[in-house]
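# Coordinates in review
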Amino acid sequence: MIIFWIAMAGFVAGCSRGSEKPAPGRGKGMPVPVTIATAVQTNFAVQLQAIGAIRPHATVSVKPRVDGQLGQIGFKQGQEVKEGDLIFQIEPRAFEVALKQSEAVLARDVASLQNAEAEMRRTDELANTKAISASAVDVNRAKAASLRATVEADKAAVEIATVQLSYCSIRSPITGRMGLLLVDKGNVVKNGETILAVINQTRPIYADFSIPQRSLPEVREAMASGALAVEAQPPNDGTRPATGQLEVINNQVDSSTGTVLLRAVFPNPAETLWPGQFVNVVLTLRQMTNAITVPSAAVQSSQNGEFVYVVKPDSTVEKRPMVLGPVRGGQSVVQSGVSAGETVVTDGQLRLVPGSTVATKGLAPASRGNTNAPGGPRP
């Protein structure tokens, strides 16, 4: 009986050993599924992105320079006008009468002056013969001098009346687009107070945008080397962005935001940019040729700096420290640490250690083609 139970115990133990499976992960371990991308060599545009606001190149609030009744309106709302175009007419009748009155006073005083000068010449001729007193000579000379001054004042009055009459015709001081009509025909307008309309010059046009103050030295250095290209595009606009160039860097940093205001100018021939519009702005500082780039998702950070996992030919990974350059549009420039053509891990790094075996589950979008060539996509 004892021999029977010993035999049964041995049989059960043997069955248990035969059904035991090895635990996963032992030995080399199971491959870690990862997404990969290839480091590529391409031309890379170093750019800054910002949100900008479109500003008119010039804005004029049209106001009358004389009091009067608004007579004619020489434009349609929203119409483009040229510099010098007649846009408003104030009823000129009262100013025409004032001009005629000034001209009549001038003519009267000119006649008086001519008579006084003739009388002065006669008394001057008689002065040497003692046939007339010296006081009479002095009186005639003073009268002629007074009338000369009066005539000069009359000429100034005629000129003032002429200018006042010219102010009845209000002409556009700039080439631009008219806004809404703010005063209807027939209303009485006041000199320097009533705004009749607003003209905005939209060709060319400005885009104002701000950059962090840490970028200021780089922008100033790039601007010193030549004109910097700027692109502006309204959000969700499928058309090509408008192109212009950086015109000015503001002379101070906004201490409340730590940013610097920049202004770019655009020719805007088709008026794709409109005053008050918000746009996405891209400022290109320089072009890097033959730069090595990897997807920014591949870059990991540690206490010792940035690194990537590089996939070796035997499907194991190597932890590679690297030095980064500019970053744009999900792509990072590699200054050292990775060579063109090497494969890097873009997803799944948290399960990796140096020497881990990986299994590729897909390619990162950036690795399917050269998307960083000049003129490539922006973020």
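Throughout, a residue's number is its position along its own chain's written sequence, starting from 1. A pLDDT threshold of at least 70 governs which residues receive local features in this predicted model, and a stricter bar of 80 or more applies before side-chain atom pairs are shown or counted, although totals over entire chains, interfaces and linings include all residues. Side-chain descriptors were evaluated using all non-hydrogen atoms of the structure, hydrogens and water having been removed beforehand.

## A closer look at the overall build of the protein chain
In terms of regular secondary structure, the protein chain is built from four helices and 20 strands. Relative accessibility under 20% of the residue-type maximum defines a buried residue, over 50% an exposed one, and the middle range a partly exposed one, all with a 1.4 Å probe and only protein chains included. For the protein chain, the residues scored as buried account for 34% of the 379 residues in total. Considering only contacts in the protein chain between residues 6 or more positions apart, those separated by 24 or more positions represent 77%. Note on areas: Shrake-Rupley with a 1.4 Å probe; residue coverage comes only from the protein chains shown. Roughly 22200 Å² of accessible area belongs to the protein chain as shown, and the carbon and sulfur atoms make up 53% of that amount. Working definition: helices are DSSP H or I runs of at least four residues, strands are E runs of at least two. Numbering for both runs from the N terminus. Any two residues whose heavy atoms approach within 4.5 Å are treated as being in contact.

## Some remarks on helix H3 (residues 134-166)
The terminal C-alpha atoms of H3, which comprises 33 residues, lie 48 Å apart, in line with the 48 Å expected from a rise of 1.5 Å per residue. Looking at H3, one finds that the buried residues are Val137, Asn140, Ala144, Leu147, Val151, Asp154, Val158 and Ala161. Under the convention used throughout, the expected extent of a helix is 1.5 Å for every residue step, that is, one less than its residue count.

## Some points on the side chain of Ser356
Here Ser356 lies in the loop between strand E19 (343-347) and strand E20 (358-363). A polar contact is formed between the side chain of Ser356 and the backbone oxygen of Val353, at a distance of 2.8 Å. Those residues in contact with Ser356, other than ones at most four positions away along the chain, are Ser315, Thr316, Val317 and Arg351. Contacts described as polar in this section are N or O atom pairs within 3.5 Å, which, within protein, must combine one atom able to donate a hydrogen with one able to accept it, while residues neighboring in sequence count only if both atoms come from side chains.

## Quick notes on the nonpolar core
Put simply, a nonpolar core is a bunch of buried Ala, Val, Leu, Ile, Met, Phe, Trp, Tyr and Cys residues held in one set by side-chain atoms that sit within 4.5 Å of each other. In this structure, Phe209, Val219, Leu246, Leu262, Phe266 and Leu283 are the most contacted members of the largest nonpolar core, which totals 29 residues. When neighbours within four sequence positions are excluded, Leu246 is seen to be in contact with Phe209, Val219, Met223, Leu228, Val230, Leu262, Arg263, Ala264 and Leu283. In this structure, Val62, Leu70, Ile90 and Ile170 belong to the second largest nonpolar core, which totals 18 residues.

## Some remarks on the pairing of strand E12 (residues 259-266)
Only when DSSP finds a minimum of two bridges between them are two strands counted as paired. Pairing of strand E9 (residues 197-212) with E12 involves eight bridges; the strand directions are antiparallel. For Asp208, the partnering residue across the bridge sits in E12 and is Arg263. Alignment of strand E11 (residues 242-254) against E12, held across six bridges, turns out to be antiparallel. Its bridge partner being in E12, Leu246 is matched across the sheet by Ala264. Linking two consecutive strands that pair antiparallel, namely E11 and E12, is a turn of four residues; a positive phi of about 70° is found at Gly258 within it.

## What to know about the sheet that holds strand E8 (residues 188-189)
Sheets are built from strands that pair by backbone hydrogen bonding, the pairs being arranged parallel or antiparallel. As summarised here, the arrangement of the four strands in space is E6-E5-E3-E8, forming an open sheet in which the pairing is antiparallel. Single-partner strands in this sheet number two, and they are strand E6 (169-171) and E8. Looking at chain direction, strand E5 (residues 86-90) and E6 are connected through three bridges and run antiparallel. The residue bridging Leu86 from the neighbouring strand is Arg171, located in E6.

## What to know about empty space enclosed by the protein
Method remark: on a 1 Å grid restricted to protein atoms, a set of points is classed as a cavity if a 1.4 Å probe fits but cannot get out and as a pocket if it is open with protein on both sides within 12 Å along at least five of seven lines; lining residues have an atom within 4 Å of a point. Grid points are joined across faces, edges and corners, and a volume is the space filled by probe spheres set on the points. Inspection of every chain in the model, using the stated rule, returns one cavity of 30 Å³ or more. What the largest cavity holds in volume is close to 40 Å³. Around the largest cavity sit Ala232, Pro234, Asp237, Thr239, Arg240, Pro241, Ala242 and Thr272, which together line it. Residues are sorted three ways: Asp, Glu, Lys and Arg are charged, Ala, Val, Leu, Ile, Met, Phe, Trp, Tyr, Cys and Pro are nonpolar, and all the rest, Gly among them, are polar. Class assignment for the residues of the lining of the largest cavity results in four nonpolar, two polar and two charged.

## Notes on helix H4 (residues 216-224)
Three- or four-residue spacings in an α-helix give side chains the same orientation, since the helix completes a turn every 3.6 residues. Taken as a whole, H4 has its buried residues at Leu216, Val219 and Ala222. The buried residues of H4 occupy one face: seen down the axis, they fall within an arc of 135°. Opposite the packed face of H4, turned more than 90 degrees from it, sit the exposed residues Pro217, Arg220, Glu221 and Ala224. The inward-facing, buried residues of H4 abut strand E2 (40-62), E9, E11, E12 and strand E13 (278-295). Positioned one or two residues after H4, Gly226 has a phi angle of 150°, which is positive. Comment: arc refers to directions from the helix axis out to C-beta atoms.

## Brief notes about a nonpolar patch on the surface
On the surface, a nonpolar cluster with roughly 290 Å² of combined accessible area is contributed by Leu180, Leu182 and Ile195. Take Leu182: it is sitting in the loop between strand E7 (176-178) and E8. In this analysis, a patch consists of residues with relative accessible area above 30% that form no salt bridge, clustered at 9 Å for like charges and at 5 Å for the nonpolar side chains Val, Leu, Ile, Met, Phe, Trp and Tyr. Only one rule defines a salt bridge in this text: a Lys or Arg side-chain nitrogen within 4 Å of an Asp or Glu carboxyl oxygen.

## Topic: the packing of aromatic side chains
Any pair of Phe, Tyr and Trp rings, taking the six-membered ring for Trp, is counted once the centres come within 6.5 Å. Such a pair is stacked with planes under 30 degrees apart, edge-to-face with planes over 60 apart, and tilted for the rest. All chains considered together, the criterion is met by two aromatic pairs. Between Phe75 and Phe88 the ring centres are 5.2 Å apart and the planes differ by 85°, which places this aromatic pair in the edge-to-face class. Pair noted here: Phe75 is in the loop between strand E3 (68-73) and strand E4 (80-81) and Phe88 is in strand E5, with a separation of 13 residues, a long-range link. In this pair, the class of Phe75 matches that of Phe88, namely buried. Here Phe307 and Tyr309 contribute two aromatic rings whose centre-to-centre distance is 5.6 Å and whose plane-to-plane angle is 90°, an arrangement assigned as edge-to-face. As far as burial versus exposure is concerned, Phe307 and Tyr309 are alike and both buried.

Shape is all these values report; function is a separate question.
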